[in-house]
Amino acid sequence: MYRYDEFDKAFVAARVAEFSDQVTRRLAGEMTEEEFMPLRLRNGVYLQLHAYMLRVAIPYGTLSSRQLRKLAHIARRYDRGYGHFTTRQNIQFNWPRLVDIPEILEELSEVEMHAIQTSGNCIRNVTSDHFAGAAADEFADPRPYAEILRQWSSLHPEFSYLPRKFKIAVVGARIDRAAIQVHDIGLWLKRDSSGKLGFAFYVGGGQGRTPMVARLLRDFVPEEDLLSYTTAIIRIYNLYGRRDNKYKARIKILIHETGLEKLREEIEAEFAILKTGELKLPQADIDAINAYFHTPDLADRPEWHHNLDWLRSDDPAFDRWVNRNVASHRHPDYGIVTISLKPTGGVPGDATSVQMDVVADLAERYSKDELRVSYHQNLVLPHVALGDLKVIYDTLLATGLASANIGLISDIIACPGLDYCTLANARSISVAQQISARFSSHDRQMQVGEIQLNISGCINACGHHHVGHIGILGVEKKGSELYQLTLGGNAGNNCAIGEITGRGFSSDEIVDAVETVINTYLSVRESNKESFISTYRRVGMALFRQALYDVTGRAV
Amino acid sequence: MQLNGDSKLWGPGGFCEDEYVWADCLEDVGNRCVILPLSVWLQAVDKLDKETLGKTGVFAAAGEDVRPLLRFLAVIPVIALDFPVFSDGRSYSTAVQLKQIHHYLGELRAVGDVLIDQVSNMLRCGFDTLEVRHSLTQTRLAKYSREIFPGFYQPGASLIRARSHRIWYSVSARQSCS
Amino acid sequence: MSLKILTASRLTDGHPVWYCTDGGWSKEFSNAAVADTSLACLLFERVAKQAIEKNEIVDATLVDVETRDGRLVALRLRERIRANGPTITSYAQNQSI
């Protein structure tokens with residue numbers, strides 16, 4: 001993974017000093033809240049219902065054990081002993097005091113971490129495939145390019161006051177695990193017919209009030225033009241994006257209102273000027289960044305051939321866990337382990353300091369000192385020898401981290417919702433907990449099979465409900481919480497926005513409604529190999545509506 | 001925001017006298033140095049003699065199309081770009097286009113809601129001068145010695161590319177002399 | 001006019017606070033001073049403005065309340081959650097680990 005050099009360290013230290021000064025000036029009254037707010041947002045500091053919230057960047061979701069231990073320490077020392085991992089591969093702390101934040105940032109800088117640009121109308125954390133550098137279906141590691149974009153976007157003088165936030169994601173495998181098509185810019189690494197490496201550029205994806213799937217802007221941009229082309233897009237957005245209405249300020253709206261063709265002309269014209277300029281990436285520079293991301297040497301570890309099968313047959317719980325939580329690695333003796341942060345009745349994406357420390361130890365010992373934060377709010381150990389699975393599992397079991405539910409209905413993506421967030425209209429965590437409890441039986445979950453259930457507590461869609469196979473959106477109606485149900489969304493390949501079923505459900509009704517949807521699916525699927533999303537695409541919404549509502553359109 | 005009716009002009013050399021006054025129409029031009037709105041200036045360009053043109057600058061609103069000015073850049077003494085509110089970042093892009101892409105050699109001036117926390121961005125985008133109304137910003141600028149950041153990850157005006165294996169590393173000319 | 005109380009977030013730590021009967025800002029919702037006239041609301045607005053200028057608080061708003069069984073209750077769920085804390089127990093609180 002990338003290692004800071006002296007310049008990077010000095011840069012972050014300067015940023016910490018700058019923000020410390022801004023906090024001091026704010027507390028002394030030399031700055032109003034209006035002047036301070038954009039500045040604190042650019043350092044990841046939100047004001048939420050109960051306290052400030054600090055969002056720490058985890059660049060393209062990659063962490064070392066040392067960094068995770070520092071996060072555990074921060075949770076312990078400055079917070080309430082836990083942190084929350086997000087759909088953008090960041091971590092959030094819910095209870096820091098503003099007065100402590102400069103010190104927290106200084107501690108983070110000791111391990112090459114920061115909270116720069118995790119909020120505000122600027123370029124945010126560039127996310128990527130949480131299986132990068134390990135997945136069997138990968139043809140090029142996207143993380144060097146995420147790192148290039150990260151550096152280039154850090155304190156970019158021209159793009160610090162965009163119309164709205166700007167989110168970029170990069171992938172390089174057959175399967176898009178980073179949901180690039182609901183990002184402002186989504187990049188898919190590919191090779192052209194001559195074998196040259198480059199990117200398909202997708203633009204204008206996003207969720208929130210007006211969800212849209214990204215459009216293909218250009219099928220192939222050579223890798224040396226990555227920064228020039230990205231600059232052209234964001235410059236056009238900065239100049240022409242709407243600034244009159246914050247719900248219409250993303251690039252997706254600009255494309256929708258101006259038209260992709262017209263915008264493409266402007267972008268290509270700007271790119272033509274930039275193409276031969278300073279932003280062209282020399283091959284030597286690309287190689288230098290790439291060097292940080294070479295897969296570590298993985299020794300052959302064939303012993304699993306002898307013992308894994310009988311370990312699995314000897315321990316059914318371990319067997320279930322291997323089945324659900326271990327994905328194929330490029331190296332035949334290795335696997336990619338996903339650690340579920342979705343225990344039954346738990347808070348999706350939360351981990352305690354103790355759990356973080358345990359995972360850090362596991363990463364150091366068994367995963368080449370590397371771990372990832374997944375788009376699904378879980379943790380990933382990317383390089384695990386299959387022969388080490390049992391000892392890892394036993395450790396996870398003792399720490400409450402052994403839920404064997406990856407990709408199943410209880411592997412819920414949920415935002416913090418009204419329990420924490422000032423923007424929320426309804427609670428999301430309690431709904432997640434209830435659904436998780438309703439489907440706690442592993443057998444039932446396996447019967448249901450692969451399914452992605454996402455919950456957002458407001459229209460801002462931080463829970464990515466629009467692209468859940470089942471999506472739940474909490475709204476407020478006449479002072480009460482109401483939950484809208486959507487079906488048929490999909491992140492990743494074949495990206496789709498879910499369709500609303502009809503009237504919303506109360507907090508008492510929503511879990512039953514989800515169960516009704518599941519039962520309907522089970523009753524019409526062609527076989528137990530036909531997943532929920534495949535069945536939905538085949539049969540459509542009608543049957544589900546019929547099951548959910550009576551003839552007057554009220555919830556059954 | 002604390003408004004001080006007294007607006008001061010600042011450049012990296014410190015506060016300086018502002019030769020220019022704001023004017024709305026051609027009739028105000030006379031013998032003085034004035035800054036006209038872009039649309040008015042475009043009408044004036046045929047009507048003014050060379051000497052007067054040399055004292056007549058242009059004001060562009062945030063996001064206003066400056067492409068009509070491109071063929072005249074060599075004769076425009078000052079271009080003022082507006083920040084109607086500090087969070088409106090359009091003029092940063094206009095500045096980059098004028099300075100870095102089209103090599104405008106005159107004075108590029110930031111006007112409007114100019115605050116201390118955006119000064120660094122403005123200088124790096126190519127602004128030569130800032131018109132500052134905010135009194136606390138004026139106070140801080142009086143003590144503005146050097147950039148607290150050791151360098152940046154992007155190219156920028158008055159920054160040079162330092163030798164490094166990273167993608168981009170730019171520093172101010174002063175810092176690079178080592 | 002419904003009863004109103006004045007709430008804000010404390011600048012230093014972001015904690016919800018309520019303007020209370022002794023003229024200060026309290027972390028206890030039950031201590032909140034109640035306004036039942038529009039004049040009282042105007043006074044609240046002045047108090048808020050002063051406290052903001054003194055950099056004690058940010059984001060001051062008036063909140064609708066009622067009394068139930070002699071206790072003060074916010075009408076909106078959001079304000080009840082602000083008063084009582086998250087309704088779910090966090091994993092940290094839940095686990096003995």
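Residues numbered from 1 in each chain as written. Chains lettered and ligands numbered in written order. Predicted model: local features only at pLDDT ≥ 70, side-chain atom pairs only at ≥ 80, totals over all residues. Heavy atoms only, no water.

A. Representation of the pairing of strand S6 (residues 78-83) of chain B in the model. Residue and element names in this part refer to chain B. Of all the six residues making up S6, six are buried; the element is thus mostly covered by neighbouring parts of the structure. With burial as the criterion, each face of S6 is covered, one bearing Val78, Ala80 and Asp82 and the other bearing Ile79, Leu81 and Phe83. Here strand S5 (residues 56-60) runs beside S6; their pairing, made up of three bridges, is parallel. By the bridge assignment for S6, Phe59 is matched with Ala80. In terms of handedness, the path from S6 via helix H3 (residues 90-101) over to strand S7 (residues 107-112) forms a crossover that is right-handed. (Buried < 20%, exposed > 50% of the residue type's maximum accessible area, 1.4 Å probe, protein only. Helix = DSSP H or I, 4+ residues; strand = E, 2+ residues; numbered from the N terminus. Pairing = 2+ DSSP bridges. Right-handed = clockwise from strand over helix to strand, strands pointing away.)

B. Broad picture of the packing of helix H12 (residues 353-366) of chain A against helix H13 (residues 389-398) of chain A. Residues and elements named next belong to chain A. For the pair H12 and H13, interaxial distance at closest approach is 11 Å and the crossing angle is 170°. The orientation of H12 relative to H13 falls into the category roughly antiparallel. Taken together, the residues of H13 that come into contact with H12 (itself represented by Val358, Leu362 and Tyr366) are Val391, Ile392, Thr395 and Leu396. (Axes fitted to C-alpha atoms, helices over the stretch in contact; angles between N-to-C directions. Parallel < 35°, antiparallel > 145°, perpendicular 65-115°, else oblique. Contact = heavy atoms within 4.5 Å.)

C. Structural context of the sheet that holds strand S5 (residues 71-74) of chain C. All names here are of chain C. Spatially, five strands are ordered S3-S2-S1-S4-S5 in an open sheet, and the strand pairing comes out antiparallel. Two strands in the sheet have a free side with no partner beyond their single neighbour: strand S3 (25-26) and S5. Where strand S1 (residues 3-10) and strand S4 (residues 57-68) come together, seven bridges link them in antiparallel fashion. Within the sheet, the bridge partner assigned to Ile5 lies in S4 and is Val63.

D. Seen up close, the pattern of salt bridges. As enumerated under the stated definition, the model contains 63 salt bridges over all chains in all. Taking the shortest distance from any N to any O, the salt bridge between Arg140 of chain B and Asp21 of chain A comes out at 2.9 Å. Of this pair, Arg140 of chain B sits in helix H5 (residues 135-142) while Asp21 of chain A sits in helix H1 (residues 6-27), on two different chains. Through salt bridges that share partners, Lys70, Arg77, Glu103, Glu107 and Glu110 of chain A make up one connected network. (Salt bridge = Lys/Arg side-chain N within 4 Å of Asp/Glu carboxyl O.)

E. Inspection of helix H2 (residues 33-41) of chain A at higher detail. Where burial is concerned, most of H2 of chain A is hidden: seven out of the nine residues are buried. Those residues of H2 of chain A that fall on the buried side of the exposure criterion are Glu33, Glu35, Phe36, Pro38, Leu39, Arg40 and Leu41 of chain A. Next to the buried residues of H2 of chain A lie H1, strand S1 (45-47) and strand S2 (52-56) of chain A, strand S8 (129-134) of chain B together with S4 of chain C.

F. How the structure looks around the environment of Gly417 of chain A. Residues and elements named next belong to chain A. The residue Gly417 is located in the loop between strand S16 (413-414) and helix H14 (429-438) in this model. Between the alpha carbons of Gly417 and Ser456 there is a distance of 6.8 Å; along the sequence they are 39 residues apart. Excluding residues within four positions of it along the chain, Gly417 makes contact with Ala424, Ala426, Ser428 and Gly457.

G. Local environment of the interface of chain A and chain C. Opposite the 38 residues of chain A that make contact, chain C presents 25 residues. Taken as a group, Leu47, Leu49 and His50 of chain A account for 19% of the area that chain A buries against chain C, more than any other trio of residues on that side. Between the two partners, chain A and chain C, sit one salt bridge. Measuring nitrogen to oxygen at the nearest pair gives 3.0 Å for the salt bridge that ties Arg76 of chain C to Glu476 of chain A. Here chain A and chain C share eight residue pairs in polar contact (both at pLDDT 80 or more) between them. For the side of chain A that touches chain C, the secondary structure elements donating two or more residues are H1, strand S13 (350-352), H12 and H14 of chain A. A breakdown of the residues in the side of chain A that touches chain C according to their chemical character gives 19 nonpolar, ten polar and nine charged. (Buried area = accessible area lost by both parts, 1.4 Å probe. Polar contact = N/O pair within 3.5 Å; in protein donor to acceptor, adjacent residues only side chain to side chain. Nonpolar A, V, L, I, M, F, W, Y, C, P; charged D, E, K, R; others polar.)

H. A look at the environment of Ile412 of chain A. Relative to the helices and strands, Ile412 of chain A resides in the loop between H13 and S16. Setting aside residues no more than four positions away along its own chain, Ile412 of chain A makes contact with Lys342, Pro348, Gln377, Ala432, Ile435, Ser436, Leu453 and Ile455 of chain A.

I. Local environment of the nonpolar core. Residues and elements named next belong to chain A. Counting residues in hydrophobic clusters, the biggest one holds 154 residues, and the most contacted among them are Leu71, Phe201, Trp321 and Leu389. Counting residues per element, this core draws most heavily on helix H6 (residues 226-240), which supplies eight residues. Ile451, Leu485, Leu487 and Ala513 belong to the second-largest nonpolar core, a separate cluster that totals 32 residues. (Core = buried A, V, L, I, M, F, W, Y, C linked by side-chain atoms within 4.5 Å.)

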